[in-house]
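Given next are the chains, with one letter for each unit.
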Amino acid sequence: MADTLTITDNRTGRTYEVPIDDGAVRAMEFRQIKVSDDDFGLMVYDPAFMNTASCKSRITYIDGDKGILRYRGYPIEQLAEQSNYLEVAYLIVNGELPTREQYDRWVHDITYRTLIHENIKKFVDGFHHDAHPMGMLVSTVAALSTFYPESKHIFDEETRRLQIIRLIAKMPTLAAFAYRHSLGQPYVYPDNDLSFTGNLLNMLYKMSEAKYQPHPVLERALDVLFILHADHEQNCSANAMRAVGSSHPDPFSAIAAACAALYGPLHCGANEEVLRMLTQIGSLDRIPAFIERVKGGEGLLMGFGHRIYKNYDPRASIIKEMAHQVFEVTGRNPLLDIALELERIALEDEYFIKRKLYPNVDFYSGIIYQSMGFPVEMFPVLFAIPRTAGWVAQWQEMLLDSEQKIARPRQLYLGYDQRDYLPTGQREKQSAVA
Ligand code: CMC
């Protein structure tokens, strides 16, 4: 049987046969379907890309029904257990796990590029004390492009490699400086003796001690969280990175756009909402009444449900397990007991079973971040740091894909046909249109 699709246009009675490749038909095939020679041709309409593949990718695979997430073919569970964030970042960016020699060079290159230009500190100083750290991150990462003007040579392989390393290396420093500014505390410079996450904790939390020693359990927990957040295929911010990158600006400017996309509450704000929800519930005995309110349409069970996962989000299972290790160090966050009981009751309830609503990555991550001492404003920043690996990999893949061009969607124009301009005195008041 041929892998083709036969389409009959009932307006004309004509039939077209279009190829099916990799489970998809090309939208451009529809352009040949016309009612007359001067017809533009048929378009496909897909707001929010609900059923449109915008690219071919070899980076991340998700099977939402089965709850599978893999980077470059490796299951997330194996990576979370056996790898570390920088190795995973190498894998995501370069496509293969590094040899010992490649790994050592990668870690060295990143470690020795964590410093940022002193002038960046002046930008950070200029923000109000209560500026949101994500606003500071978006601005300062964009500003980095002005310090590296050569970064616009995006088709030069070595230049591209250097900017990728700079971005992965400097995001934690920008994030930590934003955090310290909001507390009115002096900036802490990177410590090259520490691991990627150990150094981040150092830059965030070091006070007057001569040398900061991260707690190994918290350092590892943060590393695992970073592995879990490193990429998630074509989500809103990856799409922003590709779309902005497709006009060929430097990668610092494109990452600023990706960070801005991430910042929205529909993308990474849910773990903050989970904390608020758990705090409002307050005690175990109030859970059944809360569930009934959700089922009655009064709000959502935050941290449950996902556009892609119709099964347990594999990242949520790993985070749930890790929560216990973290709480052995930080003390048990009382919100965990409410979360566990809420999950137990929801997973037995017909409403949630029927709609395939399971815990997602955000259900437990906020509780862990809170226990580790991060204020909620830092949650999106803690997402942006590891997702930088995914963004740069998606960006590079887009640049090297000969089928990609500047991203430029079509529209269905439903506005006025041509009409003549009238001077102000001759106009009647019109109600505003959206
Ligand atoms: N609590 C209660 N009901 C829900 C929930 C929820 N959390 N999520 C979905 N539903 C219901 C929804 O009301 C609908 O019911 P009905 O069929 O009776 O109208 C049905 O389930 C299908 O929901 P949907 O809104 O069509 O699903 P969606 O794919 O458009 O939305 C979602 C996915 C994540 C936006 C949604 O589940 C939600 O708002 N969840 C809570 C917020 C949240 O946890 N967001 C974090 C997502 S993970 C982020 C990441 O991967 O980075």
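Preceding block: the structure.
Rules of the game
Note that residues are indexed from 1 along each chain, following the sequence as it is written. Whole-chain, interface and lining totals are the exception, using all residues; otherwise, since this is a predicted model, local features are given only for residues with pLDDT of at least 70 and side-chain atom pairs are given and counted only at 80 or more. As a rule here, side-chain values cover all heavy atoms of the structure and leave hydrogens and water aside. Put simply, buried Ala, Val, Leu, Ile, Met, Phe, Trp, Tyr and Cys residues joined by side-chain atoms within 4.5 Å make one nonpolar core. The cut-offs for exposure are 20% and 50% of the maximum accessible area for each residue type, with area from a 1.4 Å probe on protein chains only; residues under the lower value are buried, those over the upper are exposed, and the others partly exposed. In this description a helix means any DSSP run of H or I spanning at least four residues, a strand means any run of E spanning at least two, and both kinds are numbered starting from the N terminus. Each domain's extent is set by a domain assignment, obtained either automatically or from a database. Any two residues having at least one pair of non-hydrogen atoms within 4.5 Å are treated as being in contact. What counts as a ring pair is set by centres within 6.5 Å for rings of Phe, Tyr and Trp (its six-membered ring), and what kind of pair is set by the plane angle: stacked under 30 degrees, edge-to-face over 60, tilted for all other angles. Here, a charge over a ring means that NZ of Lys or CZ of Arg falls within 6 Å of the ring centre while also lying within 35 degrees of the ring normal. Being near a molecule or strand, for a residue, means having at least one of its heavy atoms within 4 Å of it. In protein, a polar contact requires one atom able to donate a hydrogen and another able to accept it; more generally it is a pair of N or O atoms within 3.5 Å, and residues adjacent in sequence count only if both atoms are side-chain atoms. For this classification, the nonpolar set comprises Ala, Val, Leu, Ile, Met, Phe, Trp, Tyr, Cys and Pro, the charged set comprises Asp, Glu, Lys and Arg, and every other residue, Gly included, is treated as polar.

## Things to note about the nonpolar core
Part 1: With 117 residues, the main nonpolar core has Trp106, Ile168, Leu342 and Phe374 as its most contacted residues.
Part 2: Here this core gets 13 residues from one element, more than from any other, and that element is helix 18 (residues 379-400).
Part 3: Here this core gathers at least three residues from each of two domains, domain 1 (74-264 + 378-399) and domain 2 (270-371).
Part 4: For isoleucine 168, the contacting residues outside a window of four places in its chain are Leu86, Ala89, Val93, Trp106, Ile110, Phe196, Thr388, Ala389 and Val392.
Part 5: Counting five residues, the second-largest nonpolar core is a separate cluster that includes Ile7, Tyr16, Phe30 and Ile33.

## Considering the packing of aromatic side chains
Part 1: Within the structure shown, the criterion is met by 16 aromatic pairs.
Part 2: For the ring pair tyrosine 90 and tryptophan 106, a centre distance of 5.3 Å and an interplane angle of 90° mean the geometry is edge-to-face. Highlighted residues: tyrosine 90 in helix 2 (residues 85-94) and tryptophan 106 in helix 3 (residues 100-111), separated in sequence by 16 residues.
Part 3: Of the residues examined, tyrosine 90 reaches a relative accessible area of 12% and is grouped as buried.
Part 4: Between the aromatic rings of phenylalanine 177 and tyrosine 187, the centroid separation amounts to 4.7 Å while the plane-to-plane angle is 20°, which identifies the pairing as stacked. Of this pair, phenylalanine 177 sits in helix 6 (residues 157-183) while tyrosine 187 sits in the loop between helix 6 and helix 7 (196-205), and the two are 10 residues apart along the sequence.
Part 5: Take phenylalanine 177: its relative accessible area is 1%, and that puts it in the buried class.
Part 6: Directly above the ring of tyrosine 351 sits arginine 355, whose terminal nitrogen or CZ lies 3.8 Å from the centroid.
Part 7: The ring of tyrosine 416 is capped by arginine 419, whose NZ or CZ atom sits 3.3 Å from the centre of that ring.

## Description of the site of the ligand
Part 1: Among the 18 residues in the neighbourhood of the ligand, the closest are listed as Leu301, Gly303, Phe304, His306 and Asn360.
Part 2: In the environment of the ligand, a nitrogen atom lies 3.0 Å from a nitrogen or oxygen atom belonging to the side chain of tyrosine 351.
Part 3: Interatomic distance of 2.9 Å between a side-chain N/O atom of asparagine 360 and an oxygen atom of the ligand.
Part 4: Residue classes in the shell around the ligand are distributed as eight nonpolar, five polar and five charged.

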